[in-house]
Amino acid sequence: MAVYFSQAVQQSFIGSKTLVLLDWHRSYGLLAVAFKDEHSDADGLVNFYTEEGEALKSASIHRSVVAESLQWHPDKKIIAIGWQSGEITTYSDTDHEIFEQSSIHRAAIGFLQWNKAGSRLISGDKSGLLVVWRVEPRGQLHPIPLHQHRIQPLTHCVLHTTTLPSDRPRPGDISVLEAYSWQRKSEPSPDTNSICCFCASSEGVVYYLNNSGECLERFRVSGQVHSFLFSAEKQMLVVITSDMNLIQFASNIDGQLTQTSKVRLSGRNKASQISWTEGAQLASCSNENTIRFCDLESTENYALNIHQCIQAIPNEAATCIDYEPKRGILAAGTNGGNVLMWQWVGSNMGESQMGGTDKWEFKTFTSVGTRVDQVKWGTDKQLLGVSCGGTVQILSEQVMNTHLNDEVSAVQVSPTEMMVECHKTGMIHSLRTDVNIKGTFVTKEYLAVWSGKKVAVYSFSQDKPQTRVAGTFAAETSNVAVYEQNLYTASKTQVEVRTFQGTLKQSLVFTDQEGSLESMTVVGQYLVAGTTAGVVRIWDISRREPKATGSINLAGIIPGCPPLTTVKCNCNGSKVSILLLKDNGCLQLAIWDVESDAVRVFSPASLTNPPEGDATNEMAASLPDVTESALAEQKKLCGELERLCVASHHWDATDPQLLVCLARPDNQGRRQSEGKKGSEHGPALVILFVTQYMNVIVNSIVPMESFYSGFLGVSIPYLYFGRKPRSLVAVENVVVNPSDSASVVARQTMRDFVGLEQGDARALQAMLSFSFNSTVGNMDEAFKAIKLIKSHTVWENMAKMCVKTHRLDVAATCLGNMGNARAAKVVRESRSIPEMEARLAVLAVQLGMLVDAEQLYLKSKRYDLLSQFYQASGQWQKALEICELNDRLHLKTAYHCYGKYSEALGAIPAAINSYEQAGTHRFEVPRMLLDDPVELENYVMKSKDKSIRKWWAEYLESMGDFDMALQFYETARDYLSMVRILCFSDNLQRAISVAEESGCKAAAYHLARKLSIDGNKQDVAKAIHFYIKAQCYGPAIQLAKEHSFDDHLMNLALLSSQENMVDAAKYFEGNPSTQDKAIMLYHKAGEVSKALELCFEHQQYDVLEQLAEDLSEHSDPAMVGRMAGFLVSHDQVEKALNLLVRTRRYGEALDLCMDKHVTITEELAERMTLPKDANESEEDAKKKIEVLEKLAECCMAQGSYHLATKKFTQAGNKTKAMKALLKSGDTEKIVFFAGVSRQKDVYILAGNYLQTLEWRKDPEIMKNIINFYTKGKAMELLAGFYDACAQVEIDEYQNYQKAVGALNEALNCLSKAKGKNQAAIEAKETFLKERMALVEKFAKAQSLYQEDPEESVRQCSALLDEQSLDAAVRVGDVYGLLIEHYNHTGNYQQAYALMEELHHRLPTINLAFYVDAKTIETVHKALGIPLGRGVGGGVTHKLPRSEIEEEDAEEVEDEGA
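To start, this report covers the structure provided alongside it. (Residues numbered from 1 in each chain as written. Predicted model: local features only at pLDDT ≥ 70, side-chain atom pairs only at ≥ 80, totals over all residues. Heavy atoms only, no water.)

### What to know about the environment of Tyr-969
And step 1. Mapped onto the fold, Tyr-969 is located in helix α19 (residues 962-971).
And step 2. Relative accessible area serves as the criterion here: at 0%, Tyr-969 is assigned to the buried category.
And step 3. Taking the C-alpha atoms as reference points, Tyr-969 and Ser-947, separated by 22 residues in sequence, lie 10.0 Å from one another.
And step 4. Discounting chain neighbours no more than four positions away, the residues touching Tyr-969 are Lys-950, Ala-953, Glu-954, Glu-957, Asp-974, Ser-977, Met-978, Arg-980 and Ile-981.
And step 5. One polar contact links Tyr-969 to Glu-957, side chain to side chain, over a distance of 2.6 Å. (Helix = DSSP H or I, 4+ residues; strand = E, 2+ residues; numbered from the N terminus. Buried < 20%, exposed > 50% of the residue type's maximum accessible area, 1.4 Å probe, protein only. Contact = heavy atoms within 4.5 Å. Polar contact = N/O pair within 3.5 Å; in protein donor to acceptor, adjacent residues only side chain to side chain.)

And the structure:
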């Protein structure tokens, strides 16, 4: 529990002043306070104070006017002060410099606001001038403002930030605050010059100032602005007007505002003060005894009443509030001089289930004497500035000091008061001191307290209310301990042994290298101390001279050893526990074994981790009987401790192994745990056993109840807790001193020691041994330890504890020692129940722990067993409710049992109702009331249940009262029984009426049987009618046949079963005039063959066509063929074809199509195509393929090539499919089909087909030819195609270079070709090589002509001598080159000779085809030779080689087909 000390600030002025403003620096402990003269608005003063309340005299600022605004720089020790005159003063406490700026503002400053980085200051005055200043590093304002705007008078300003700082801790996270350095400098903002803010004027106008310096009007509200708040987390702006209207806006990144709500707040509008609290909640106080809250997100409203927290004076009201978001503490000042504080406990996980006031827990209050006008939180050290008229007090938080020793506890209850409680005698002493207590130490006779500068020692009596001062003296000390008549004080570098009056007797000195003292305590006869350098020492102080028993330097053992905070030793000085402060602010437990100098570091999340090195063997040696279940339990317990960190540690006063640690949620889980009673997220005690081999074993985890203020220590068999004032303790096994209501200490019996509170030391030690051995699973040793305990109460308490510890094995032994055979039997039989909690509930019932049993059944979700439990305990309403909600399967059973219970009690109405709910009233109620006919009749008369009324009618019928029986049968709608009685009474007319009107089949059947017995023809007709109503057609048909009702017989047969249809058909078959009816009935009965035989026999052709529609594939093949032949013979080819297709006689159907020239449409083809079936047999698949191929061939014969292609493809014969497609000539589909078929033959066929097209003009066709031959691996054909391409280049384009390339590709293809006639391939390859060589020579000669004409002419002349030149090169091209050359050189005679030679070599050619006509004319003209033959037209040309190749390709295609 924490208390707040108040410290009044030092007054540095003379005269009476009134406080105007106060403001804390958020990072440094500096408080700025603005005063004014008490009687006027003149003589302004701003003073500065430290966190201890000391005035900084060199920093006092006086003016003749009052300060209107104070604003600290966000990081630096610089403050901006706005005065009533419009002057702005900035003061730097670092450089002790004051800067003035008075040239811009001429009216009172309305607000000052630093930007987030502190590089800009925004000011606004009450004349409407808004100014943005650039701030120099030392705090001076630049004389020329960055921006200024003249708008309406300004009163409020809030920064517009779009994100929260990344390092902002969660509210209430105490550990994070401890880890924070309060001297830490803020990291620079990403935009250090951002000035985005919202401003409000006194007239209700809201402006937005953006980074460009533009001031934009965003909204107008009615009335003056009273409060102006912005939430960066929610991006929410809240404006509260003077008439208490709350207007809420949503803001975007550009400062655009969207109004989301408008409500009116309650309270007094003049003096209201409003503040953000947690999330989107606003708190307000308006001089009332309540603090009101409004949640802007959930629209929830609630209030905290201060009179429910303290004993307030009449009319005491809250005057001011302020919220500290990091720790979630709301402070409120009252006009009665009190400061109250509440802690936010509404966690994220449970907030939705909590009421409004449940989200705040009252923490403490402090009295400051006079009316509180203003409260202000400041710095990370949780300092609260309080304005009390003309004075200021600083409240600082301090944890209440406690100590437990020798069953005497000392608890601090106020800054100067201690409560000392002697638990053996019940005596309580209240001691008031003259020092502000910062620490305490208690023994059986003495109490020592100290403030850091003063020590006071008091003596007291264990059994008498006597106290006296044993000694006081001044000494600077951080810690004090007492042993017998000696006082041990801790200074910076030594432990000083003193008398109670302060006389120094001896010093235990630490060197500078060992560091300064951090912690010191005395346990029993041992003194242990630890330093900041990690040095820990222990002394035995039972002698006159302290004897050192051990020393260790943790820094040399633990790598990167964190600083220690506290050290404590066990009762025999063999173990020392040490708490180390980690970087994340959490404490870690380390244990030092003094004898072996071994140190083990543990944390609650890993307490069972095996030590390093050889310690695992030591663990096995020390704990040889550890069971798997015990290890599993240890893991489970450690899993519960994952989010906890150690807060304090306490050794037992008598046992050296027992260590109890107080563990709290870590930094991430701390906030959710605040105020949770017994929560798994709250603080808990971890009870540990530390063995001699440094093994740490978790015994149990005890949640700390919410009414405990702290943990004092442990002394078997009790755990000692501090109790919050005015809290009620209502927990089992918790004892509060009954002799004095002022007791602030509660003792809680440890789990395993319940019943042994008054036991002797031997019994307590035996139980401790049992607890240790049962924890490690060594049950044999555990029972040996307690076998001498004969107390029935102890065994019963142990059995009850087994319910809480889930130890059914131990419970069985406890029940045996108790002699409770019945309970032992029931527990043994419960082993068949799979849920552990349910088995424990069975044990709890036997031990009378009904509440625990109920909770265990609920936890196990065995609602059936819970219902039985409620029934057995007489809680019938709960039993029925649990069945209604969770166990509806047994709901009727529960009601039936409740009916039996009520019947046994004689509660007949309740029993009847329960039986009705159970659905068993039809039997149980008549049985129950049978002995009381009057009540039974009344029940029947009131009941509307048909079964009850029918039972009563049967009862009356048995008594011979037929008239009343008929009435009840009628109300029960039992028409069969009515007809039965009426027929028995020969009242046939009414029986007929009942049967007709009711429509009851059973009644109609009974009446039909009655009418058919008489044999009267009229009655027979009625009997047939009622047989039909009863849907009993067989008896009706028999009656119709017997009495020749042929007109009824056909209809009856059609309504009846197949057997009756066949029976009626045989009847009609015997009559020649009713053959059509016989055929129809045979057909309806499924006897199609019989029906067809009759059709053929009696030539019923009209009926035959109708029957053909019902034939299927399973029909008789001969019958189907006969039917089809009949239809064909009567020119019904289409019907015959449909019949064959429907009966899946596809072969005959196709033959019929070919014989009768029926065109196979795509629809007909699809009907003859069987669907895919993954389970079809191999034979069926083969038949299916045969049908498809035959269908495709018929389509081919009819010219339906595309349809034939489709069917061949479905049959899997893609080659035939391609041939069918080639017949269609559809090039696009041929190319597509070849691409998707991926078969060699298909590729070749496609390539052959494409060669028949004009591939010379279409590059795409040429590309497809090459692609298909390549994919089809037809290299020989591809070589022929390349050869044809080369010839085309020669014949049509005279491009011998490209011809060489094509021939080269042809050779490459031939080199890859593989076939049966390899000799022919090689011969063709040789021919191509020779041809390519000649073509290449001519191409070279052509290209050489430009560079060396003579060499080119020589090579061409040599080519003319080649014998096979004609097969490779056009001779005319060679002659043409030579003729052109000689014409160009003027050798016309040689040119003409070559022309003649060409005519001689190729007499049928046209010379102009190879030589330019102008050249021919020039040569003839130069020689004087007239133009004659061979020049121009009329000459038959030799076919180009390309045309010859086309003819060859066609021949290849025909061969492939």
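### Considering the pattern of salt bridges
Any two side chains of opposite charge can pair, on the condition that their charged atoms come close.
And step 1. Tallied over the entire structure, the rule returns 31 salt bridges.
And step 2. With a shortest N-O distance of 2.7 Å, Arg-220 and Glu-217 are connected by a salt bridge.
And step 3. Linking Lys-363 and Glu-397 is a salt bridge whose minimum nitrogen-to-oxygen distance equals 3.3 Å. With a gap of 34 residues between them, Lys-363 in strand β29 (residues 360-367) and Glu-397 in strand β32 (residues 391-399) connect regions that are remote in the sequence.
And step 4. Using a relative accessible area of 22% as the deciding quantity, one classes Lys-363 as partly exposed.
And step 5. Via salt bridges that share partners, Lys-900, Glu-903, Glu-924 and Arg-927 belong to a single interconnected network. (Salt bridge = Lys/Arg side-chain N within 4 Å of Asp/Glu carboxyl O.)

### Some details on empty space enclosed by the protein
And step 1. Counted according to the given criterion, the structure contains two cavities of 30 Å³ or more.
And step 2. The space that makes up the largest cavity amounts to roughly 60 Å³.
And step 3. If you trace the largest cavity, you find it lined by Leu-658, Ile-687, Phe-689, Asn-699, Ser-700, Met-750, Arg-751, Asp-752, Phe-753, Leu-768 and Ser-771.
And step 4. When residues of the lining of the largest cavity are traced back to their parent elements, those giving at least two are β55 (684-690), β56 (696-703) and α5 (761-775). (1 Å grid on protein atoms, 1.4 Å probe; cavity = no way out; pocket = protein on both sides within 12 Å on 5 of 7 lines; lining within 4 Å. Points joined across faces, edges and corners; volume = space filled by probe spheres on them.)

### Focus on the pairing of strand β49 (residues 564-569)
And step 1. Pairing analysis gives five bridges linking β49 to strand β50 (residues 575-581), with the strands arranged antiparallel. Across the sheet, residue Cys-569 finds its bridge partner in β50, namely Val-576.
And step 2. In this structure, the hairpin formed by β49 and β50 is closed by a connection of five residues, where Gly-573 is found at a positive phi of approximately 70 degrees. (Pairing = 2+ DSSP bridges.)

### Section: the nonpolar core
And step 1. Core analysis: the largest hydrophobic core is formed by 90 residues, its most contacted members being Ile-1160, Met-1218, Trp-1255, Val-1335, Phe-1338 and Val-1369.
And step 2. Residues contacting Val-1335, with those up to four places away along its chain left out, are Ile-1290, Tyr-1296, Ala-1299, Val-1300, Leu-1303, Ala-1368 and Val-1369.
And step 3. Listed in part, the 72 residues of the second largest apolar core include Leu-662, Ile-687, Val-827 and Phe-869. (Core = buried A, V, L, I, M, F, W, Y, C linked by side-chain atoms within 4.5 Å.)

### Section: the sheet that holds strand β10 (residues 109-114)
And step 1. Taken together, four strands build an open sheet; the order of strands is β10-β11-β12-β13 and the sheet is antiparallel. At either end of the open sheet lies a strand with only one pairing partner, and these are β10 and β13 (147-150). Across the sheet, the axes of successive neighbouring strands diverge by a mean angle of 10 degrees, strand direction being ignored.
And step 2. Where β10 meets strand β11 (residues 120-125), five bridges bridge the pair, whose relative direction is antiparallel. By the bridge assignment for β11, Trp-114 is matched with Leu-121. (Axes fitted to C-alpha atoms, helices over the stretch in contact; angles between N-to-C directions.)

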